[in-house]
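Below, each chain spelled out in residue letters.
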Amino acid sequence: MSSLPMQRPAVTCPTWQEAFEVAARRFGLRPSDPWVGGYVDYEWEHLRHVLEALPVALAGKRVLEFGCNVGASAILFAHLGARVHASDISANWIELARLNARRHGKDQIRFAHVADSTRLPYPDASFELIACNSVLEYIAEPERSAVQRELDRVLAPGGIILLTGTSNRLWPREVHSGRWLINYLPDWVDRLLGHGVQRGMWPWRARFGFGPHYANLDTPDVQGFFARSRRRMGTPAWRLRPLIWLAGLLRVGPGLLAPNSSCLLQKRR
């Protein structure tokens, strides 16, 4: 289990803070938005507890933050001492993420704009941990398998894939858009509409999409990864027990049944 610093990442440079705000406005964003300028603080209050429940210490680990957005999770990983690479398909997000890291004094993060996520610019077995935080559900269904195989390629044997915050298609309400029943519309409806709609990801794709050689370290009991991380976030035990009971009955990790699904997959050596 990792031991986290008591102090949250803080903005250390007014010059980079101003540059971050200017870039955010240039991209049509509000710097004060919780999902822009406040995202690092959000991850400190949420993702921090997930990372604290990990069965490994992060200090010195080679970590890839896949789909880094404004870089909030990558900044938190670097704050914990990990050696962090971060990628995103959007050049704008990468520019903003770099400025976000600099204003927090985390210049050591190596950001990369990767337009094609099926061809990552990293050698085989580059990373000990890959974080997919609210990202895989945004990848078009035809490409998702190829992306998961590519993530498997760059993960070292014995390494861990942390999938968290992923909208679960089992649930009647899609958590990112807040739209009801959209998860249950078949994919071919998009062709009739002429555009895609935001859906969650089926939990079995999360569990098995990276290949057959993974074990889910999340167990259906009160001491499992999911249960421990949620208790740290303040989720009461009475809300966790039914989910854990159902997960035990189905022999799956309880995180795969939650509205924001999660799993902790270890690649077999």
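Since we're looking at a predicted model, the values are computed, not measured. (Residues numbered from 1 in each chain as written. Predicted model: local features only at pLDDT ≥ 70, side-chain atom pairs only at ≥ 80, totals over all residues. Heavy atoms only, no water.)

Peer 1: Would you mind going over the overall build of the chain with me for this structure?
Peer 2: Of regular secondary structure, the chain possesses ten helices and seven strands. Relative to the 2.2 N^0.38 estimate, which gives 18 Å for 269 residues, the radius of gyration of the chain is 18 Å and therefore close to what a compact globule would have. The principal-axis extent of the C-alpha atoms belonging to the chain is close to 55 × 50 × 40 Å. In the chain, which comprises 269 residues, the share counted as buried stands at 51%. Contacts in the chain between residues far apart in sequence, at least 24 positions, make up 72% of those at least 6 positions apart. When the accessible surface of the chain is split by element, carbon and sulfur atoms take 55% of a total near 12900 Å². Taken as two groups, the 34 positive and 24 negative side-chain charges of the chain have centres that lie 5 Å from each other. (Helix = DSSP H or I, 4+ residues; strand = E, 2+ residues; numbered from the N terminus. Rg over C-alpha atoms; globule rule 2.2 N^0.38 Å. Buried < 20%, exposed > 50% of the residue type's maximum accessible area, 1.4 Å probe, protein only. Contact = heavy atoms within 4.5 Å. Areas by Shrake-Rupley, 256 points an atom, 1.4 Å probe, with all protein chains shown as cover. Lys, Arg positive; Asp, Glu negative; His and termini not counted. Charge placed at Lys NZ, Arg CZ, Asp CG, Glu CD.)

Peer 1: Looking at this structure, how should I read the packing of aromatic side chains?
Peer 2: Geometry of an aromatic ring pair is reported as the spacing of the ring centres plus the angle between the planes. The tally for this structure, following the rule as stated, stands at six aromatic pairs. On the basis of an interplanar angle of 85° and a centroid distance of 5.2 Å, the ring pair of W35 and Y39 is categorised as edge-to-face. Over the face of the ring belonging to W16 we find R102, whose NZ or CZ atom lies 4.9 Å from the ring centre. If you follow R103 out to its NZ or CZ, it ends over the ring of F20, 4.1 Å from the centre. (Phe/Tyr/Trp six-rings, centres within 6.5 Å; stacked < 30°, edge-to-face > 60°. Lys NZ or Arg CZ within 6 Å of the ring centre and 35° of its normal.)

Peer 1: How should I be thinking about the layout of surface pockets in this particular structure?
Peer 2: Empty space left among the atoms is revealed by rolling a probe the size of a water molecule over them. Of the voids in this model, the largest pocket is the one considered here, and its volume is about 1400 Å³. Together, 50 residues line the largest pocket, and N133, S134, T164, G165 and H176 are the ones closest to its centre. For the lining of the largest pocket, the element with the highest residue contribution is helix α10 (residues 237-250), accounting for five residues. Of the residues belonging to the lining of the largest pocket, the class tally is 28 nonpolar, 15 polar and seven charged. As a volume, the second largest pocket reaches approximately 300 Å³. (1 Å grid on protein atoms, 1.4 Å probe; cavity = no way out; pocket = protein on both sides within 12 Å on 5 of 7 lines; lining within 4 Å. Points joined across faces, edges and corners; volume = space filled by probe spheres on them. Nonpolar A, V, L, I, M, F, W, Y, C, P; charged D, E, K, R; others polar.)

Peer 1: Sorry if this is basic, but what is going on with the pattern of salt bridges here?
Peer 2: Two side chains bearing opposite charge may form a pair once their charged atoms approach each other closely. What the rule picks out here adds up to 14 salt bridges. For K267, the salt bridge identified is with D152, shortest N-O distance 3.4 Å. With K267 in strand β7 (residues 260-267) and D152 in helix α6 (residues 141-154), the pair connects residues that are 115 residues apart, well separated along the chain. Judged by relative accessible area, K267 falls into the buried class, the value being 11%. Judged by its relative accessible area of 13%, D152 falls in the buried class. D190 is the partner of R199 in a salt bridge, and the nearest nitrogen-oxygen pair spans 2.9 Å. No difference in accessibility class separates R199 from D190, as the two residues are buried. A single salt-bridge network, built from bridges that share partners, covers R169, D187, D190 and R199. (Salt bridge = Lys/Arg side-chain N within 4 Å of Asp/Glu carboxyl O.)

Peer 1: Sorry, what's going on with the nonpolar core here?
Peer 2: Membership of the largest hydrophobic core comes to 39 residues, with the highest contact counts inside it found for L51, F77, I109, F111 and L129. Of all elements in the fold, only α1 (14-26), α2 (39-45), α3 (47-52), α4 (72-79), β2 (83-88), α5 (91-103), β4 (127-133) and β5 (155-167) reach the threshold of two or more residues within this core. (Core = buried A, V, L, I, M, F, W, Y, C linked by side-chain atoms within 4.5 Å.)

Peer 1: Looking at this model, I keep getting lost on the packing of helix α9 (residues 225-232) against α10. Mind explaining?
Peer 2: For any two helices packed against each other, one specifies the inter-axial angle together with the distance between the axes. Between α9 and α10, whose axes approach to 11 Å, the crossing angle comes to 170°. In terms of axis orientation, α9 runs roughly antiparallel to α10. Together, F226, A227, R230 and R231 of α9 and L240, L243 and I244 of α10 make up the contact between the two elements. Of the residues contributing to the contact of α9 with α10, the split by class is five nonpolar, no polar and two charged. (Axes fitted to C-alpha atoms, helices over the stretch in contact; angles between N-to-C directions. Parallel < 35°, antiparallel > 145°, perpendicular 65-115°, else oblique.)

Peer 1: Mind showing me how you'd approach α4 here?
Peer 2: Each turn of an α-helix holds 3.6 residues, which means side chains three or four residues apart point in the same direction. Buried residues dominate α4, accounting for eight of its eight residues. Along α4, the residues that are buried comprise A72, S73, A74, I75, L76, F77, A78 and H79.

Peer 1: Help me understand a nonpolar patch on the surface in this model?
Peer 2: There is a patch of nonpolar side chains on the surface, built from L170, W171, W204 and F208 and spanning about 430 Å² of accessible area. Within the element layout of this structure, F208 appears in helix α8 (residues 203-208). (Patch = residues over 30% accessible without salt bridge, like charges linked within 9 Å, V, L, I, M, F, W, Y side chains within 5 Å.)

Peer 1: Where do I start with unusual backbone geometry in this structure?
Peer 2: Positive phi values are uncommon outside glycine, yet A125 reaches one of about 55°. Assignment of secondary structure puts A125 in the loop between β3 (110-113) and β4. The phi dihedral of R251 is positive, around 60°, even though this residue is not glycine. Judged by its relative accessible area of 77%, R251 is exposed.

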